[in-house]
Amino acid sequence: MLIQILTLFPEMFDGPFNCSILKRAQEQNLVEFRYHNFRDFTTDKHRMVDDSPYGGGSGMVLKPEPIYRCLQAVKKDRPLAKTILMTPQGAVFDQKLARQLSAEEHLIFICGHYEGFDERIRQWADFELSIGDYVLTGGELAVMVVCDALVRLIPGALGSDESAVRDSFTGSLLDFPQYTRPVEFEGSAVPELLLSGHHAKIEAWRREQAIVRTAQRRPDLLKDANLTEAEQRFLME
Ligand code: ADE
């Protein structure tokens, strides 16, 4: 998978994208990131990427031309690549979108910055994505969140003992509680059943815990959780 990122701050990606699973995925050639600074596509002496808004008001607005030229250059050999504009006005990113995007061969992300961008930029994106109802100083951190979530879903990105299959949200349920050694710590013990070696009972307990946890913390997720009738009755008790 090729992910190209249009940003005024490519250096922001240096640390986060060169650690852990993202680093390994690049080493295994599962994903390649390329960064393009659209300031390099300005033609004026001051390399201006933003300007004051028509109609007045405070703040600066990203100009259309540098982003347009940068996008043209990036899409030249790959016109079918999906282009995603990061903005709080976009569709809210979730695990389902992460799964869909992880199946793409080529993605292009545009990071806004400053107070906003010229409205004409929107028409060059296939869709707009938000990572939540808050305003960041730019799209870079949002792209990092999206890329982290989708790269780990590329087959082979997680090691054999890690698995995305049971993640929270995979079947619309939150994850069940997990424990590791020691059996007891600061007066708090691992549930006995997990030490029993009884796999069928452990599976049943985990499913029950996931259902209870989801009902307590995120009841909105239950409608897509495909609970059996017995499980629905259990929740009513
Ligand atoms: N840019 C600024 N805020 C954002 C958000 N919440 N999601 C995506 N991009 C953004």
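Residues numbered from 1 in each chain as written. Predicted model: local features only at pLDDT ≥ 70, side-chain atom pairs only at ≥ 80, totals over all residues.

Identification of the protein chain as tRNA (guanine-N(1)-)-methyltransferase from Hydrogenispora ethanolica is taken from an unreviewed UniProt entry. What UniProt states about the protein chain under its Catalytic activity (unreviewed entry) heading is, verbatim, "guanosine(37) in tRNA + S-adenosyl-L-methionine = N(1)-methylguanosine(37) in tRNA + S-adenosyl-L-homocysteine + H(+)". Per its UniProt entry, the protein chain bears the Subunit (unreviewed entry) comment "Homodimer." (UniProt positions renumbered as here; feature names shortened; annotations may be inferred.)

A. Geometry of the site of the ligand. For the ligand, the full set of nearby residues is Met86, Thr87, Pro88, Gly112, Ser130, Ile131, Gly132, Tyr134, Val135, Leu136, Gly139 and Ala142. At 3 residues, strand β5 (residues 82-92) tops the list of elements feeding residues into the shell around the ligand. Along the lines of polarity and charge, the residues of the shell around the ligand split into 7 nonpolar, 5 polar and no charged. (Near = placed C-beta within 6 Å. Helix = DSSP H or I, 4+ residues; strand = E, 2+ residues; numbered from the N terminus. Nonpolar A, V, L, I, M, F, W, Y, C, P; charged D, E, K, R; others polar.)

B. Main features of the domain arrangement of the protein chain. Taken domain by domain, the protein chain holds domain 1 (2-151) and domain 2 (184-236). Taking only C-alpha atoms, the centre of domain 1 and the centre of domain 2 are 39 Å apart. (Domains from an automatic or database assignment.)

C. The arrangement of unusual backbone geometry in detail. Residue arginine 181 is joined to proline 182 through a cis peptide bond whose omega torsion reads 0 degrees. For proline 182, the location among the structural elements is in the loop between α4 (140-151) and β9 (184-185). Of note, the phi angle at serine 20 is positive, near 50 degrees, even though the residue is not glycine. Position of serine 20 among the secondary structure elements: in helix α1 (residues 20-27). What makes serine 20 exposed here is the crowd of 11 C-beta atoms within 10 Å. The backbone of asparagine 226 shows a phi angle near 50 degrees, a positive value even though the residue is not glycine. Tracing the backbone through its elements, the reader meets asparagine 226 in the loop between α5 (199-217) and α6 (229-236). Under the C-beta neighbour-count criterion, asparagine 226 is labelled exposed, with 10 such atoms within 10 Å. (Buried ≥ 20, exposed ≤ 12 C-beta atoms within 10 Å, placed from the backbone.)

D. How the structure looks around the sheet that holds β5. Spatially, 5 strands are ordered β2-β1-β6-β5-β8 in an open sheet, and the strand pairing comes out parallel. In this open sheet, the two strands that pair with only one neighbour each are β2 (32-36) and β8 (127-130). Neighbour-to-neighbour, the strand axes of the sheet open up by a mean angle of 35 degrees, direction not taken into account. Direction of pairing for β5 relative to strand β6 (residues 106-111): parallel, over a ladder of 5 bridges. For methionine 86, the partnering residue across the bridge sits in β6 and is cysteine 111. Contacts from α4 reach β1 (2-6), β5, β6 and β8 within the one sheet, and its direction differs from that of β6 by about 155 degrees. (Pairing = 2+ DSSP bridges. Axes fitted to C-alpha atoms, helices over the stretch in contact; angles between N-to-C directions. Contact = placed C-beta atoms within 7 Å.)

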